[in-house]
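Coordinate inspection notes
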Amino acid sequence: MKYDIKDLKLAKEGKLRIEWAEERMPVLRLIRERFKKEKPLKGTVIACCLHVTTETANLAITLKAGGADVRLCASNPLSTQDSVTASLVKDYKIPTFAVNGEDNKRYYSHINAVLDAKPNITMDDGADLVSMIHKKRQNLAEYILAGTEETTTGVIRLRSLEKKGLLLFPVFAINDAQTKHFFDNRYGTGQSTIDGILRATNVLLSGCKFVVCGYGWCGRGVAMRASGMGANVIVCEVDPLKALEAVMDGYRVMPIDCAAKEGDVFLSTTGDINVIDTKHFIKMKDGAIVANSGHFDVEINVKGLKKMSKKTRKMKQFVNEYTLKNGRRVNVLGDGRLINLAAAEGHPASVMDMSFANQALTSEFIKKNAGRLKKQVYKVPLNIDEKVARLKLKAMGVQIDTLTQEQKEYLASWQLGT
Ligand code: ADE
């Protein structure tokens, strides 16, 4: 079996950590039990390019239990948990290609290594597999039944391919399932981003001015959690509806140009490029902290910051200090890469449980509907989304009401009123 990981000797630690996550993923566990019996993915090669964490390990093990031949590589060079890769190879015999801190060349060689297996399903977090196939390995499209995409940034790339008429195979936007983005993006990114910032810096959030750029589901989550810890949250937005929502949620809203002068901690979570740029660094207070939790490391202009600095020091793990020519210092966390996975462990297992249940059930759906799908970006079928919600509630021991016949008829009628 081919693989490329850091050190097989880390497998014992990795196995226990995978088990720790599994305990918190009851929905995925249920799916795994059924998959073991029914083998709905038998004969399917699945190439996964995901953050290689304990939660992803549980997804890979579930897909394998369903009969799939699974290959895994990283969707970010800094998020790989090396003990997890060791256990995946040693204990679960899943070919894994991921090393924490890998350079660009090795990162892309790993993407190509999983694609060499001629996958029938691609499973992306950020669309790097799809992008590689469309740019350089179009011949692989003939083997692919469909792909899945985990994150907002990836879905944006896919919609761009679809709009230009270039999409070579169907892809499911897992991110857009309600049981994904309402929970994973809001509560997962919300908590793990704060966790990453605190692990890297140990700053006191209480009383600090915390600037959140982007008020999508991730931004909302981070703002809510920072505020809950006593920070004074400022939101920067370009979308008037989201900006209005932030105002009504009780935050100050202003352009980043103004916020730059006020903030103590800055967090970008927009999915766009150079959101925090050189003209903003120059206005920042001495000692400002800047971090990103968007998928790619493009949101903070770190290259520009380097150029305008006279000195750089690594203060501690995940903290680089840049001294500007005006003498003020700006601290960048995790090289501007997504801080929740670079300095912390990513979203907690109990929220990834729902995201990855959508991935597993959508893979099964793809296999069942092979040949019937078009080259377009699909939503996760509503029955899968609802099933995940029901299973999660059940696992949490929460019961809900059902409509009476009278209530159903009332809702279905246009005649009934006061
Ligand atoms: N994305 C964000 N958090 C994650 C995690 N814990 N595992 C896999 N992908 C993630």
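Residues numbered from 1 in each chain as written. Predicted model: local features only at pLDDT ≥ 70, side-chain atom pairs only at ≥ 80, totals over all residues. Heavy atoms only, no water.

On to the pairing of strand E14 (residues 329–333), then. When you tally the buried positions in E14, you get four out of five residues, the bulk of the element. In terms of strand pairing, strand E11 (residues 288–292) meets E14 through three bridges, oriented parallel. Within E14, the position partnered with Ile289 by the bridge is Asn331. Looking at chain direction, strand E13 (residues 319–324) and E14 are connected through five bridges and run antiparallel. Looking at the pairing, Tyr322 lines up with Val330 of E14. What sits between the antiparallel neighbours E13 and E14 is a turn of four residues, in which Gly327 has the positive phi angle 90 degrees. (Buried < 20%, exposed > 50% of the residue type's maximum accessible area, 1.4 Å probe, protein only. Helix = DSSP H or I, 4+ residues; strand = E, 2+ residues; numbered from the N terminus. Pairing = 2+ DSSP bridges.)

Take the sheet that holds strand E10 (residues 265–268) next. Ordered in space as E9-E8-E7-E10-E11-E14-E13-E12, the eight strands form an open sheet in which the pairing is mixed. Edge positions in the sheet fall to strand E9 (252–253) and strand E12 (309–316), since each has one partner strand and no second.

Turning next to the packing of helix H2 (residues 26–38) against helix H15 (residues 349–368). Axis separation between H2 and H15 bottoms out at 8 Å; the angle between their running directions is 25 degrees. It follows from the interaxial angle that H2 and H15 lie roughly parallel. The chirality of how H2 crosses H15 is left-handed. Contacts from Pro26, Val27, Leu28, Ile31, Arg34, Phe35 and Glu38 in H2 reach Asp353, Phe356, Ala357, Ala360, Leu361 and Glu364 in H15. The residue inventory of the contact of H2 with H15, partitioned by class, reads nine nonpolar, no polar and four charged. (Axes fitted to C-alpha atoms, helices over the stretch in contact; angles between N-to-C directions. Parallel < 35°, antiparallel > 145°, perpendicular 65-115°, else oblique. Left-handed = near helix turned anticlockwise from the far one by under 90°. Contact = heavy atoms within 4.5 Å. Nonpolar A, V, L, I, M, F, W, Y, C, P; charged D, E, K, R; others polar.)

A few words on the nonpolar core. One finds Ile46, Cys48, Leu59, Leu63 and Leu88 to be the most contacted residues of the largest nonpolar core, which totals 45 residues. Here this core gets nine residues from one element, more than from any other, and that element is H15. Contacts of Leu59, omitting those with residues within four sequence positions, involve Leu28, Leu50, Met123, Phe356, Gln359 and Ala360. (Core = buried A, V, L, I, M, F, W, Y, C linked by side-chain atoms within 4.5 Å.)

Strand order in the open sheet formed by seven strands is E3-E2-E1-E4-E5-E6-E15, and the pairing between neighbours is parallel. Across the chains shown, the open sheet's two edge strands, defined by having one partner strand only, are strand E3 (96–97) and strand E15 (377–379). Judged from the four bridges that link them, strand E4 (residues 121–124) and strand E5 (residues 146–149) form a sheet pairing that is parallel. In the strand pairing of E5, Ile121 is matched with Ala146.

With that out of the way, let us pick up the packing of H2 against helix H16 (residues 382–395). Each pair of packed helices gets described by two things: the angle between the helix axes and the distance between those axes. Interhelical geometry of H2 versus H16 gives an angle of 110 degrees and a closest axis separation of 9 Å. Comparing their axes, H16 and H2 come out roughly perpendicular. Note on packing geometry: the crossing formed by H2 with H16 is right-handed. Contact residues: H2 offers Pro26, Val27 and Leu30, while H16 offers Leu391, Lys392 and Ala395.

Turning next to the packing of aromatic side chains. By the definition in use, this model includes seven aromatic pairs. Ring centres 5.1 Å apart and planes at 85 degrees place the aromatic pair Tyr107 and Tyr108 in the edge-to-face group. Accessibility expressed as a relative area gives 4% for Tyr107, which makes it buried. A centroid spacing of 6.3 Å and a plane angle of 35 degrees characterise the contact between Phe183 and Tyr187, whose relative ring orientation is tilted. Taken together, the residues span about one helical turn, with Phe183 and Tyr187 both in helix H8 (residues 178–201) at a distance of four residues. Grouping aromatic residues by their ring pairs yields a cluster made of Phe182, Phe183, Tyr187 and Trp217. The ring centre of Trp20 lies 3.7 Å from the NZ or CZ of Arg24, which sits over that ring. In this structure, Arg220 is placed above the aromatic ring of Trp217, and the distance from its NZ or CZ to the ring centre is 4.2 Å. (Phe/Tyr/Trp six-rings, centres within 6.5 Å; stacked < 30°, edge-to-face > 60°. Lys NZ or Arg CZ within 6 Å of the ring centre and 35° of its normal.)

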